[in-house]
Amino acid sequence: MERKVKIIGTGSYLPKQRITAEEMDRRLGVPAGWSLKKSDVRVRYFVEDETAAEMGAFAAQAALQDAGLTFADIDCIVCASGTMQQPIPCTAALIQQAMGQGQSGVPSFDINSTCLSFMAALDVMSYLIAAGRYRRILIVSTEIASVGLNWEHKESAVLFGDGAAAVIAGQSATHEQSRIAASLMETYSTGASYSEIRGGGTGLHAKLYDDTRMSDYMFHMDGHAIYKMASRLLPEFLERLLGPGNTAMSQFPLIIPHQGSAMAMRVISRKLGIAPEQLMNITADHGNTIAASIPMGLHEAIRQGRMQRGDRILLLGTSAGLSLGGLVLDY
């Protein structure tokens, strides 16, 4: 079902620590050049003293400025992140507080589908916009990957960066072309163990933590298993998203994927027939910023002039679960 919803403004924030590939070599204890060869990430950013809520607030203020709006124009805040600042309260409430709006009463809650959190939030909330429940929604993805990396698992640790991105969505006018034309999400939980942090919830509560179980509180990923499963499922998934016979990637001037890794994007691009000039690739100077990667790619595409009003854009990705997600956006 299509919805008359448009992107009104975008913003992003990169934290203070600029981490080069050479610095990653030193942190990982690997030979010079190994990190760049494995990840194609020349530079990524790690938090210094910023919290997730503060990063989200910075990105949100940038999005408001981009849209020419103030906080008073927003009637809902959704944090769409794969990592949380703390279990309770939700990160969206902490972002509202970090924006200096703790007395505003604006409803604030989280939507989490790990790397697909932004897409899931935009999809779900667009129905509420179209129904008139909300006028303008602030969606914020703010991620601190660096704190949970397992430095013993070098192949996954080398991929990530921290950062935040924010998008303001609202109802498009009758005469405007902007809309969400199609969306789809599917989850195949046979792949649930391929990407996980086991500790920290009720299954393995923090009170059970000891040094022998430290790895349960760190990020674990079987990248090969994810690539294999996703590449097998994606072609038929796209048929269900776009319709049989309508899956030619050439119809999209720009495709913004989840920036999981440069290798994953190369594999998926070949599998799906995505030309290099169609791909919005920000991996080299961001790394994998989890759920922030898609809205950050969207923000950069707009900022760099790679998409114009009226362009049909495809957002596409996978997330822990294992989930597949796609959204067709007429910008």
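About the criteria used
Residues numbered from 1 in each chain as written. Predicted model: local features only at pLDDT ≥ 70, side-chain atom pairs only at ≥ 80, totals over all residues. Heavy atoms only, no water. Helix = DSSP H or I, 4+ residues; strand = E, 2+ residues; numbered from the N terminus. Rg over C-alpha atoms; globule rule 2.2 N^0.38 Å. Contact = heavy atoms within 4.5 Å. Lys, Arg positive; Asp, Glu negative; His and termini not counted. Charge placed at Lys NZ, Arg CZ, Asp CG, Glu CD. Buried < 20%, exposed > 50% of the residue type's maximum accessible area, 1.4 Å probe, protein only. Pairing = 2+ DSSP bridges. Axes fitted to C-alpha atoms, helices over the stretch in contact; angles between N-to-C directions. Salt bridge = Lys/Arg side-chain N within 4 Å of Asp/Glu carboxyl O. Polar contact = N/O pair within 3.5 Å; in protein donor to acceptor, adjacent residues only side chain to side chain. Expected span 1.5 Å × (residues − 1). Bend = angle between axes of the 7 residues up to and from the residue. Phe/Tyr/Trp six-rings, centres within 6.5 Å; stacked < 30°, edge-to-face > 60°. Lys NZ or Arg CZ within 6 Å of the ring centre and 35° of its normal.

Asks: I tried to follow the overall build of the protein on my own but got confused; where do I start?
Replies: Helix and strand counts for the protein come out as 9 helices and 13 strands. By the compact-globule yardstick of 20 Å for 331 residues, the protein fits well, its C-alpha radius of gyration being 19 Å. Seen through its principal axes, the protein has C-alpha atoms that stretch 60 × 50 × 35 Å. Across the protein, the fraction of contacts at a sequence separation of at least 24, relative to all contacts at a separation of at least 6, is 77%. In the protein, which carries 29 positive and 32 negative side-chain charges, the distance between the mean positions of the two groups comes to 4 Å.

Asks: Mind showing me how you'd approach the pairing of strand 1 (residues 5-13) here?
Replies: One face of the sheet, then the other: side chains in a regular strand alternate in exactly this way. Most of strand 1 sits inside the fold, with 7 of its 9 residues counted as buried. Note that strand 1 and strand 7 (residues 163-171) share 8 bridges and pair antiparallel. Within strand 7, the residue paired with Ser-12 across the bridge is Ala-165.

Asks: Would you mind going over the sheet that holds strand 5 (residues 108-110) with me for this structure?
Replies: Backbone-to-backbone hydrogen bonds join strands into a sheet, with any given pair of strands oriented parallel or antiparallel. Taken together, 5 strands build an open sheet; the order of strands is 1-7-6-4-5 and the sheet is mixed. Either end of the sheet is taken by a strand with one partner, and the two such strands are strand 1 and strand 5. When the angles between neighbouring strand axes are averaged without regard to direction, this sheet yields 20°. Bridge count between strand 4 (residues 76-79) and strand 6 (residues 136-143): 4 bridges; the pairing is parallel. Across the sheet, the residue bridging to Val-78 is Ile-139, located in strand 6. Of the strands in this sheet, strand 1, strand 6 and strand 7 are in contact with helix 3 (residues 52-67), which crosses strand 1 at around 130°.

Asks: Even after reading the chapter, I still don't get the side chain of Arg-44, so can you show me in this structure?
Replies: Here Arg-44 is to be found in strand 3 (residues 43-46). Buried charge Arg-44 goes without a salt bridge, the closest partner of opposite sign being Asp-25 at 8.0 Å. Only 3.5 Å separates the side chain of Arg-44 from the backbone oxygen of Val-41, close enough to count as a polar contact. A polar atom in the side chain of Arg-44 sits 3.3 Å from the backbone oxygen of Phe-160. Every residue in contact with Arg-44, bar those within four places of it in the chain, is listed here: Gln-17, Arg-18, Ile-19, Met-24, Ser-39, Val-158, Leu-159, Phe-160, Gly-161, His-286 and Gly-287.

Asks: So what exactly am I meant to see when it comes to the sheet that holds strand 13 (residues 323-330) here?
Replies: Strands sit in the order 8-13-12-11 across an open sheet of 4 strands; the sheet is mixed. The sheet is open, and its two edges are formed by strand 8 (179-187) and strand 11 (254-257), each paired on a single side. Averaged over all pairs of adjacent strands, the angle between their axes in this sheet comes to 10°, without regard to strand direction. In this structure, strand 8 lies alongside strand 13, joined through 8 bridges in antiparallel fashion. For Ile-180, the partnering residue across the bridge sits in strand 13 and is Leu-329. Running over the sheet, helix 9 (residues 293-303) touches strand 11, strand 12 (312-319) and strand 13 and is turned about 150° from strand 11.

Asks: Before we go on, may I ask you to explain helix 7 (residues 223-242) in this structure?
Replies: Helical periodicity: at 3.6 residues per turn, an α-helix aligns residues three or four positions apart in one direction. The end-to-end C-alpha distance of helix 7, which contains 20 residues, comes to 27 Å, matching closely the 28 Å that a straight helix rising 1.5 Å per residue would cover. Of all the bends found along helix 7, the most pronounced is centred on Leu-234 and spans about 40°, while Pro-235, a proline, follows it within four residues. Where helix 7 is concerned, the buried positions are Gly-223, Ala-225, Ile-226, Met-229, Ala-230, Ser-231, Leu-233, Leu-234, Phe-237, Leu-238, Leu-241 and Leu-242. Here the buried face of helix 7 lies against strand 8, strand 9 (195-196), strand 10 (220-221), helix 8 (262-272), strand 12 and strand 13. Positive phi appears at Gly-243, one or two residues downstream of helix 7, with a value of about 100°.

Asks: Is there a simple way to explain the pattern of salt bridges in this structure?
Replies: Side chains that differ in charge, positive against negative, can pair when their charged atoms come close. Counted by the stated rule, this structure contains 12 salt bridges. Here Glu-23 and Arg-26 are joined by a salt bridge, their closest N and O atoms 3.0 Å apart. With Glu-23 and Arg-26 both in helix 1 (residues 21-28) and 3 residues apart, the pair spans about one turn of that helix. In this structure, the salt-bridge partner of Arg-303 is Glu-300, at a minimum N-O distance of 2.7 Å. A residue pair is termed a helical-turn pair when its members lie 3 or 4 positions apart in one helix, as Arg-303 and Glu-300 do in helix 9 at 3 residues. By sharing partners, the salt bridges in this structure join Glu-2, Arg-179, Arg-312 and Asp-330 into a single network.

Asks: What's the story with the packing of aromatic side chains in this structure? I'm lost.
Replies: Between two aromatic rings, the relevant description is the distance of the centres plus the angle of the planes. Summed over all chains, the structure comprises 1 aromatic pair. With 4.8 Å between their ring centres and 35° between their planes, Tyr-13 and Phe-58 make a pair best called tilted. Separated by 45 residues along the polypeptide, Tyr-13 in strand 1 and Phe-58 in helix 3 bring together distant segments of the chain. What makes Phe-58 partly exposed here is its relative accessible area of 46%. Stacked on the ring of Tyr-331, the Lys or Arg Arg-309 has its end atom at 3.9 Å from the ring centre.

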